[in-house]
Amino acid sequence: MAKTKLVLETDHPMRRVFIGKVVVNMGIGEGGERLARAAKLLEELTGQKPSLRRAKKTVREFGVRKGENIGVMVTLRGQKAIDFLKRALAAIDYKIPEKSIDKHGNVAFGIKEHILLPGVKYDPEVGIFGFDVIIAMERPGYRVARRRRKKSKIPNRHRVTKEETIMFLEKVLGVKVIKTRR
């Protein structure tokens, strides 16, 4: 099976930009049945089993205890990431504000209701959930930061910049990046 990647080609093969992973996060704020429904929904939307996220500290005002499961998330790579990303971008009309891109080229945006995704119908038993989508952009060679032996840091000159991510979004994915006034 050949790997399918959306790649922004450049003059040097090590300067190419591509999608490393897509993370989908649902912060519910409580455990129990509502969290179980959110996990089931996220599995249906992404086609992958989500993992539960625990609270880092106790917040009495919200009724959250440290260590309690309060959210679900899933990390998508390869073709699953590309397929889900196309559906998520269609939900926001292929428009992303420039302030959603950080200095290392990662992109984050939210979708208020999961029923905005194309092909998803409202189910009264499940309810409506919103979620966040985070796109991590990479270049070839980022594996040195993740490998087990001889781990090393990625220098700033090899990191993906905000401008390169904007170019990738516009040319490869067809997204319109909306410039914000200051």
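Residues numbered from 1 in each chain as written. Predicted model: local features only at pLDDT ≥ 70, side-chain atom pairs only at ≥ 80, totals over all residues. Heavy atoms only, no water.

(A) Representation of the overall build of the protein chain in the model. A tally of helices and strands in the protein chain yields 3 helices and 8 strands. Going from the N terminus to the C terminus, the protein chain shows its helices and strands as β-β-α-β-β-α-β-β-β-α-β. Projected onto its principal axes, the C-alpha coordinates of the protein chain cover approximately 50 × 45 × 40 Å. For the protein chain, buried positions account for 37% of its 182 residues. Residue pairs at least 24 apart in sequence account for 62% of intrachain contacts in the protein chain once pairs closer than 6 positions are excluded. Across the protein chain, the mean location of the 42 positive side-chain charges is 9 Å away from that of the 20 negative side-chain charges. (Helix = DSSP H or I, 4+ residues; strand = E, 2+ residues; numbered from the N terminus. Buried < 20%, exposed > 50% of the residue type's maximum accessible area, 1.4 Å probe, protein only. Contact = heavy atoms within 4.5 Å. Lys, Arg positive; Asp, Glu negative; His and termini not counted. Charge placed at Lys NZ, Arg CZ, Asp CG, Glu CD.)

(B) How the structure looks around the pattern of salt bridges. Under the counting rule described, the total for this entry stands at 3 salt bridges. We note a salt bridge from Glu 138 to Arg 146, for which the minimum N-O separation is 2.7 Å. Overall, the relative accessible area of 10% leaves Glu 138 in the buried class. Here Arg 146 falls in the partly exposed class, since its relative accessible area comes to 48%. What emerges from the salt-bridge pattern is a single network uniting Arg 15, Arg 139 and Glu 164. (Salt bridge = Lys/Arg side-chain N within 4 Å of Asp/Glu carboxyl O.)

(C) Looking closely at the packing of aromatic side chains. Enumeration according to the criterion identifies 1 aromatic pair in this entry. Each ring, one from Phe 84 and one from Phe 131, has its centre 6.1 Å from the other, and the planes form 45 degrees; the classification is tilted. Residue Phe 84 is found in helix H2 (residues 78-91), and its partner Phe 131 is found in strand E7 (residues 131-138); the two are separated by 47 residues along the sequence. Each member of the pair, Phe 84 together with Phe 131, is buried. (Phe/Tyr/Trp six-rings, centres within 6.5 Å; stacked < 30°, edge-to-face > 60°.)

Treat this as a map of the structure, not an account of what it does.
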